Amino acid sequence: MTLRHSNFLQAVAVAATCGMDAVRRQKKPAVMLWILALALVLSYYYIPSVREGLDRLATFKQKTGLTFAMVSSALAGGLFPLLVHFAFAREKAGRQFRHLPFFLGFWAVKGVEVDLAYRGLDLVVNSQSFWMKVAAKTILDMSIYTPFWVVPTVVFAYLWKDLGYDMTKLGQAVKSQGPVSLLLPVLIVDWAIWLPAVAVIYCFPLPLQLPLQNIILCLWTVILLTFKS
């Protein structure tokens, strides 16, 4: 085994340990998220009033298209977490408000991307079986889309923000810390915590998948900050 190979394996082991530690710390919030996500899908299929309300949301989403994706995701991923964080930790969160344009812009773009990804998966997976369709979409999402695009874009974008929007510093950070150390812990958390939530999202009809992703993202923000407070 070469020294370079040994160093790579060591970096993987350290990053994996960091990821598992993060999963253990977030175990209780994750269980709460899964319960609420499951309650959402059961309510949709078994409570007529909930189904009617969500179907109206789906109709509105279809009419407004990618505009809905941009605005709802910017609010759910950009503004809402900042407001909730401010309610729990005013001083720390207050300093983040100067980054509000970044949060809104990043999540608006991410919303369009996620909406298009959901549409693409719906075209690729055409199984007639409901459960096979949910399983196939979840597997493709968590094995291809999430590790090779979602995690890198989120991690590098937020690191770029933290480094003062300096691309040179971002390149130096990636080079010094290594992609494995930066990405693998986040990926492990995604696989461990978000996999059940992603499966729940794919249980909904296509027009509701992005809105439900936004709702679950908001719930996760509240739950996580509640447990940390």
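Up top you'll find the structure we're talking about.
All residue numbers refer to positions counted from 1 along the written sequence of the respective chain. This being a predicted model, a pLDDT of at least 70 is required before a residue's local features are given, and a value of 80 or more before pairs of side-chain atoms are given or counted; all residues contribute to the totals for chains, interfaces and linings. The side-chain numbers reported here are obtained from all heavy atoms of the structure, hydrogens and water having been left aside.

Two aromatic rings from Phe, Tyr or Trp, using only the six-membered ring of Trp, form a pair when their centres are within 6.5 Å; if the ring planes differ by under 30 degrees the pair is stacked, by over 60 it is edge-to-face, and anything between is tilted. Applying the stated rule across the entire model yields 16 aromatic pairs. For the pair F60 and F68, a centre-to-centre distance of 6.0 Å together with 80 degrees between the ring planes defines the contact as edge-to-face. Burial classification: accessible surface area is computed with a 1.4 Å probe over protein chains only, and a residue below 20% of its type maximum counts as buried, one above 50% as exposed, and the rest as partly exposed. The exposure class assigned to F60 is partly exposed, which follows from its relative accessible area of 46%. With a relative accessible area of 12%, F68 lands in the buried category. Between F102 and F106, the ring centres sit 5.8 Å apart and the planes meet at 20 degrees, which makes this aromatic pair stacked. Within this pair, F102 and its partner F106 are both found in helix α6 (residues 100–124), separated by 4 residues, close to a single helical turn. Helix and strand assignments follow DSSP, with helices taken as H or I runs no shorter than four residues and strands as E runs no shorter than two, numbered in order from the N terminus.

This part covers the nonpolar core. Definition of nonpolar core: a set of buried residues of the types Ala, Val, Leu, Ile, Met, Phe, Trp, Tyr and Cys, connected through side-chain atoms within 4.5 Å. Within the largest apolar cluster, 40 residues are counted, with the highest numbers of intra-cluster contacts made by W194, F204, L208 and I216. Contributing elements (two or more residues each) for this core: α2 (27–46), α3 (48–64), α4 (66–88), α6, α7 (130–162), α9 (179–201) and α10 (206–228). V151, L159, L182 and L183 belong to the second largest nonpolar core, which has 9 residues in total.

Glancing now at unusual backbone geometry. For residues other than glycine, phi is negative in most cases, and the peptide bonds are mostly trans. Of note in the backbone geometry, Y165 takes a positive phi value of approximately 60 degrees without being a glycine. The topology assignment puts Y165 in the loop between α7 and α8 (167–177).

A cluster of nonpolar side chains, namely L38, L42, Y45, Y46, I47, F130 and W131, defines an oily patch on the protein surface of about 770 Å² accessible area. If you list the elements that add at least two residues to the nonpolar patch, you get α2 and α7. The leading source of residues in the nonpolar patch is α2, at 4 residues. Surface patches are drawn from residues lacking salt bridges whose relative accessible area is over 30%; two like charges belong together within 9 Å, two nonpolar side chains (Val, Leu, Ile, Met, Phe, Trp, Tyr) within 5 Å. A 1.4 Å probe and the Shrake-Rupley method give the accessible areas. Residues count as covered only by the protein chains that appear here. What makes a salt bridge here is a side-chain nitrogen of Lys or Arg within 4 Å of a carboxyl oxygen of Asp or Glu, nothing more.

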